[in-house]
Amino acid sequence: MKQLLFKIGNAIILSSLLCILFVSCKNESGAEDPKPVLSWKSSLPDVSKRQTIDASEIYAWYEGKLNISVDGKIYGPYTEEVCADNARLPGKILFESKKTQYDKKMHNVTIRFSFDNIDITAKDGGKMLVFTGKGGKAFLSMMGGTEQAMGDNTSVAGAFYKQNGKIYITYTVTYNTGDMKKVIPQIPHNSLSGTMEKAEKQ
């Protein structure tokens, strides 16, 4: 019984803090500031500056700077670490992030995601490995509180590429706000995504 009450209490606190977070994304007039849509494609180097890349080179941890878009309003950049792994699940490519810690403007939110599999396709004559993933799981916590599942309809799209002998990744992960509203109905916004411009293989 105590454990149940603890979980309910955490959910109430998380709901309240998330409502503060998402309401605070509006400007003083109560409307969202118009912002350009972030996309992983915008930061991809020209094909002439990329080298041929093989899929065997991409499986590792990466670290780079991520920008968050909430209904078009941009926050960041924040440091995010992600991993592409083909060893843990036979025949699949696992793609996941560590907890990404946002600053006080984002009320000390942490978010992470996990995809059981991503699909990879070579493009630009082998100078880019484009990937997509659906059905990803999202997890969120605030103020150091308990992590809470926020649905399993997260999607991701991006690419691995090689430049000057180093491997990089760029991607946009899109969280399903419909799932979030099932957990916290008071969330007023309709889009939440994160775009990694350039993360380097570690």
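Scope of this entry: the structure provided in the associated data block. Everything quoted here is computed from the prediction, not taken from an experiment.

### Quick look at the overall build of the protein
Link 1 in the chain: When its secondary structure is counted, the protein shows two helices and 11 strands.
Link 2 in the chain: Listed by position from the N terminus, the elements making up the protein come as α-β-β-β-β-β-β-β-β-β-β-α-β.
Link 3 in the chain: Within the protein, buried positions represent 44% of all 202 residues.
Link 4 in the chain: Taking contacts inside the protein between residues at least 6 apart in sequence as the whole, the part at least 24 apart equals 59%.

### Some thoughts on the pairing of strand β11 (residues 192–201)
Link 1 in the chain: Bridge analysis of strand β1 (residues 61–70) against β11 gives nine bridges, and the strand direction is antiparallel. From the neighbouring strand, S69 faces β11, where its bridge partner is S193.

### Examining unusual backbone geometry
Link 1 in the chain: Of note, the amide linkage connecting G76 to P77 takes the cis form, showing an omega dihedral of 5°.
Link 2 in the chain: Mapped onto the elements of the fold, P77 is located in strand β2 (residues 73–85).
Link 3 in the chain: For D71, which is not glycine, the phi dihedral falls at a positive 50°.
Link 4 in the chain: Structurally, D71 can be placed in the loop between β1 and β2.

### Here we look at the nonpolar core
The tendency in soluble globular proteins is for nonpolar side chains to be buried side by side.
Link 1 in the chain: Ranked by size, the top nonpolar core spans 38 residues in total, and within it Y62, F95, F160, I169 and Y171 carry the most contacts.
Link 2 in the chain: Only β1, β2, β5 (109–115), β7 (128–142), β9 (154–163), β10 (166–175) and β11 provide two or more residues apiece to this core.
Link 3 in the chain: With residues up to four places along the chain from it excluded, the contact list for F160 reads I53, I58, Y62, A84, I120, M128, L129, F131, Y168 and I169.
Link 4 in the chain: W40, L44, V130 and Y168 belong to the second largest nonpolar core, which has seven residues in total.

### Looking at the pairing of β5
A regular strand carries its side chains on alternate faces of the sheet.
Link 1 in the chain: Of all seven residues making up β5, six are buried, and the element is well covered by its neighbours.
Link 2 in the chain: Two elements, strand β3 (residues 94–97) and β5, share two bridges in a ladder whose sense is antiparallel. Each residue of the ladder has a partner; that of F95, found in β5, is F115.
Link 3 in the chain: In this sheet, β5 lies alongside strand β4 (residues 100–101) in antiparallel orientation, the contact comprising two bridges. Pairing of T100 across the sheet is with I111, part of β5.
Link 4 in the chain: Sheet topology places β5 next to β7; six bridges connect them, and they run antiparallel. When the sheet's bridge partners are listed, I111 is paired in β7 with L140.

### Regarding the environment of S155
Link 1 in the chain: On the secondary structure map, S155 appears in strand β9.
Link 2 in the chain: Relative accessible area serves as the criterion here: at 27%, S155 is assigned to the partly exposed category.
Link 3 in the chain: On a C-alpha basis, the gap between S155 and T172 in space is 8.5 Å, while along the polypeptide they are 17 residues apart.
Link 4 in the chain: Beyond its immediate chain neighbours, meaning those up to four positions away, S155 contacts F115, G133, T172, V173 and T174.

The rules we used
Residues numbered from 1 in each chain as written. Predicted model: local features only at pLDDT ≥ 70, side-chain atom pairs only at ≥ 80, totals over all residues. Heavy atoms only, no water. Helix = DSSP H or I, 4+ residues; strand = E, 2+ residues; numbered from the N terminus. Buried < 20%, exposed > 50% of the residue type's maximum accessible area, 1.4 Å probe, protein only. Contact = heavy atoms within 4.5 Å. Pairing = 2+ DSSP bridges. Core = buried A, V, L, I, M, F, W, Y, C linked by side-chain atoms within 4.5 Å.

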